[in-house]
Every structure is written in structure tokens, then in C-alpha cells.
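Residue-level listing of the chains:
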Amino acid sequence: MTNDYDLIVIGNSRAGAYAALAASQLKARVALIKPENFQSNWLGKEALYNQALMQVGRVLQQVRKVSQFGIYPSITPLIPDTPELKEQLVNKPGEAGESSRDVPWHLGEAEKEDIKTDLSPFESTLYFPTVKITEAMEWANMVVSTCSEATSPAILASLGVDVIYGDGEFCRLPHLGFVLNNRRLRARAYLIATGSCAEIPDIDGLDTTCYCTPRTIWNHVDKSRHKVIGAGLTNRVPPETDKVIKPTPLGEPEDLEETSPFQLQKNWLVVGSTPHAVELAQTLARLDYQVTLAVSEAHIFPQEDSEASCLVQAQLEAEGIRVLTQSSVTQIRLIEGKKWVQVGNRAIEIDEILWATGQTPNIESLNLAGVGVKFSRKGLKLNQKLQTTNPRIYACGDVIGGYQFEHVAEYEANIAIKNALFFPLWTVDYQGIPWAIFTDPTLARVGLTEAQARERYGKEVWVVRHYFKTLDKAQIIGETTGFCKLVVRRNGTILGGLIVGAGADELIGAIALLIRHKIKVGSLAKMPQASPTMSEILSKTAQEWQRQRLERNQMLQNLLEGFFNWRRKW
């Protein structure tokens, strides 16, 4: 019996769409099945949406810091030279219902009312930029829509991928296949890319309490959609009644009439030490919400370098986030209409809960046990070729557990489709793959941490670091927080790299390239970087290794000292 397809990809994740496109470009016949009963995958539109709103928080933070450059947001009307210009700059006095107070000419009526003052028309009027959460969400929707076009069903179909919607499961008899919409589909190989959803633990009172996850958070933020978030000292209160456009995250906006008072700042409790938890906690704080971050470990990012984690944690606390370490949530109660959460030995009153402690794979309805695929709550059991315990079924992305980064999922998809379509010869190697956590400062890493390297190589490990504050460019742009750390062996082999600071996500790729191609740190030290740039941190860190190498070689120091003593006398 012939096969319907060379490869069937199951899942509505971006990694699944990427795998289907990559396989079709190899001239294979591919079907992409999009199940409808799974929660939307985290490494998809929700991640893009969160990243877009995180960018809003970053820009707002940059606006708040412009005073360090001597820049103060203000509108200073020019002294008019003609009556016509004066009429443009200043409202006409005496009009019905309008005072003669002065406002900038180029603003609309609503904006004028917000910034009217009793100052004279030729005095500076301070004006603090604001963020309207509704407009920010609309912009985020636009970003998500634009970024998703490349993997839309229409584009996939035009490139030869059969996109099939519906819920289905694997079947074993009479042959291995996938049953969908009362139809049995057969292929030489199958790729599971269904992604994951938030893992919700069994906490007393959690099931009866309203909470959100990284996938649903922006449905909970400011339900009235009226709040204006200021970049300055105070927030302005918009009209109490208005017709608003209420955007649904990742969906179409909806027109509705709402009568809702201005909402006060909300208190958020963010639970979890995952990158998503910390990123969203910082974003909420920058949007003027009061945030408490609770982690059960000794510090945030327990899998990362402790020095880097402490630096990021210090920045969070400097921005007003209360970080509670070694504090697990044990109980949630609703008392007199208010939420109380037991965090460690503290009882905290909060308005909203963001639960981001981890992910669980979307595999519950695929009948994996019926086709011999072993799995657990953390993910599928795979070998280095990304085969499950059924050799014809492969998997990629966060459904397999471990790394929850889109670029890692695409790397795994590349390995899986080559093994599935040809011969299972390729294996995964995560050693040279970088990743970044988009906090501020950004934390980016590749390879081994210092602790992992010392455990494996012992005294052969050297650690060198250099700080951003020594760079001219960092001083110019006002981003002096952070450092670069290289973990190397005595012979110069780079085992790992870590960068914490502005642009770390862009700089880490150079270190990853060196690790992947086994280029030693000496080559990086000899590579001149453009100056002044933030990339100088790479060469300066490598030169620090050269300096330490010379200091530890007493014989070479004596030889050099003797040589120059002799040459001066010669």
C-alpha cells in the first residue's frame, strides 16, 4: 500500500509550519495538520505579542531616562511674529465653552484639554509622553499579523503544503497512520510539533481563583481599556465614558460602548523563575503596575550563571519590582472580595496572578501510547536523532521539553526533517546554539556556564570577564550596566560565553560561531572591532585572556624581562 505523503507534520506551532515549508522545498509531499483542540502554542503568536508589548515597555523606559542626556520633554511655543501665526499657536479667547488658556496648535482637541495650563503662551509647558494600552495592543496585533504572514495557510498552500484542520490521533492497525476527519492518512514519517501550554500545579485555592498565563495575560490587563500609562511623574485620567475600540489580543478589535471609571494601578503577583515570567514582570512594572515576583529558587534564572542572574535581579528591584526568592506559593484565598496569596511565610494581597512556572506538552489526544511512543509530563522521550521510541515518528520544538526558544525549535526541525525524509544520520548538538532572555539588561548565553565547565574540566577552566562601563560606546549611549564573560580551557578552547547588557542578544552570535567552528579565543583577541561600538567588548574580553595567560607564565615573563634588559644595554 502506497503512502499518501512523504512527511506529515502535526501541530499548529511556528516550528511545525517551518518544518513543512522546509520539507516542501526539498520536493517532498507534505501535509500540515492543525489540531483544533489544543491550546495555542507558546512559541507562536503569543510569544510575538508579548515581545511586541515588551518593546513598548522598553521605549517607555528610554523616554524616562532621557534626562541623563540633558533632554527634557517639553513643548515651547515660539513667539509669534504675525497675527496669523499667533492665531495658530494660541486658542481664540472668548469662544463659547472654551477658556483662553494656551495650548500647542498642532494637537487635537482631546490632547489640548489634557495639557492646558495657566502658564502664559510663551512659557515652556512640560508634556510627558503617554502610552495608551489600547493603541499599544493594536500595534502589537499589527506586528503579529505581519510576522505571521510568511507561515499563513495561503502561503503554505501556494508552496505545495497540504494544510488540514481537525483533531486526530495516531493509529497502529492495519498500518501506522494518522486518523483525521474520518480519513486515514499515511506517510513514511511523522513529525510532532504541537508545542506546549502552561503547566498549572495543584495549589490550594488556585482552581477557584481567576489567574492568567503568559498566553492570556493581555486579556486581563486593564479590562476597561481606558487606562493611559504615563512616562512622566503622573498618569492622566481619561474621560469616564467613551466609545472605545477594544482589541482582543491576536484577534480582530471589537467596537463596543463601555461606561467604566478610570482604573487604579493594579497589584500583580508573577509566579515563576522562567524567562517568560521575569520578562513579563519587568514589562508590567514599566507599564506602571505594581509587581511582586515570587520564585522558589535562591535567585531568578536558576539554570543560568548566578552572577548574571543577580545582576538582572538587582535591576528588577531598582525598577520597583519586589522579588521574593525561595518563596513558593502554597495557598490562595478570596477574602471579602480580595485575593490573598501565601508566598513563603508572607500573606500578600494582590489583584491579578500571572502563573508562569513552566510548560507541559500538547500531546494528550494523539494516542501516542497506542503507537509505542513514550512520554512524560515534561515531554517526549527522544534520542539524539529526534526520533521517539517509534522510529518513524519524530518531534521538535517545546513539545519535547527543554529549551523553549523558537530558533532552537527551528534547528531541531531541520535535523528532524533530514532524518525523516532521508536516512537517520544527523544528530542534534546544542553546544553552539545561543539564546537570550529579553530582560533589561538582556542576558544571552551559549555553551557551558562556569559551574558546568568547572564540574567537567576542573582546574583547566579559566574565566575572563570585561565590563561594559569601560567601553566608550557604552558611556556615550548611557548603557554601562553589564559584562561579558568567557569560559575557556587553558589551551584557548572556548567552552561557553555569557553577555549581560545592552545588545547582548546581538553580540552573542559571534561567540557561538567561534564555539561551533572550534575557533580558539586567541583569534578573537586578534580581531579588531570597529570603534566606538558595543562589539569591542568581545575583543577586550579575549585580550583579558591573553593578559592572564602572560601573568600565569612566570618563565615567559622572566625571558621577556631579560631580553629587554639585554637590548637596552646593547
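The rules behind these values
Residues numbered from 1 in each chain as written. Predicted model: local features only at pLDDT ≥ 70, side-chain atom pairs only at ≥ 80, totals over all residues. Heavy atoms only, no water. Helix = DSSP H or I, 4+ residues; strand = E, 2+ residues; numbered from the N terminus. Buried < 20%, exposed > 50% of the residue type's maximum accessible area, 1.4 Å probe, protein only. Contact = heavy atoms within 4.5 Å. Areas by Shrake-Rupley, 256 points an atom, 1.4 Å probe, with all protein chains shown as cover. Pairing = 2+ DSSP bridges. Axes fitted to C-alpha atoms, helices over the stretch in contact; angles between N-to-C directions. Polar contact = N/O pair within 3.5 Å; in protein donor to acceptor, adjacent residues only side chain to side chain. Parallel < 35°, antiparallel > 145°, perpendicular 65-115°, else oblique. Left-handed = near helix turned anticlockwise from the far one by under 90°. Nonpolar A, V, L, I, M, F, W, Y, C, P; charged D, E, K, R; others polar.

## Here's the deal with the overall build of the chain
Thought 1: When its secondary structure is counted, the chain shows 16 helices and 30 strands.
Thought 2: For the chain, buried positions account for 48% of its 570 residues.
Thought 3: In the chain, 64% of the contacts between residues at least 6 apart in sequence involve partners at least 24 apart.
Thought 4: Only carbon and sulfur atoms are counted for the fraction: they give 52% of the accessible area of the chain, which is about 28400 Å².

## Topic: the sheet that holds strand E2 (residues 30–34)
Thought 1: With parallel pairing, the 5 strands of this open sheet are ordered in space as E6-E2-E1-E10-E25. Only two strands of the sheet have a single partner each, and these edge strands are strand E6 (161–165) and strand E25 (393–395). Shown here is a sheet whose adjacent strand axes are inclined to one another by a mean of 20°, direction ignored.
Thought 2: Relative to E25, strand E10 (residues 187–192) runs parallel, the two sharing 3 bridges. Looking at E25, one finds that Ile 192 is bridged to Ala 395.

## Points about the side chain of Ser 309
Thought 1: Note that Ser 309 resides in helix H9 (residues 306–318).
Thought 2: With relative accessibility at 0%, the residue Ser 309 sits in the buried group.
Thought 3: At a separation of 3.2 Å, a polar atom in the side chain of Ser 309 contacts the main-chain carbonyl oxygen of Phe 301.
Thought 4: For Ser 309, the contacting residues outside a window of four places in its chain are His 299, Ile 300, Phe 301, Glu 304 and Leu 443.

## Considering the packing of helix H1 (residues 14–25) against helix H10 (residues 406–421)
Thought 1: Where H1 contacts H10, the two axes come as close as 9 Å, and the packing angle between them is 40°. Taken as axis vectors, H1 and H10 run oblique relative to one another. Every pair of crossing elements has a handedness; the one defined by H1 and H10 is right-handed. Each of Arg 14, Ala 15, Tyr 18, Ala 19, Ala 22 and Ala 23 in H1 lies in contact with H10, whose residues at this interface are Glu 406, Ala 409, Glu 410, Ala 413, Asn 414, Ile 417 and Leu 421.
Thought 2: Among the residues making up the contact of H1 with H10, the classes are represented as 9 nonpolar, 1 polar and 3 charged.

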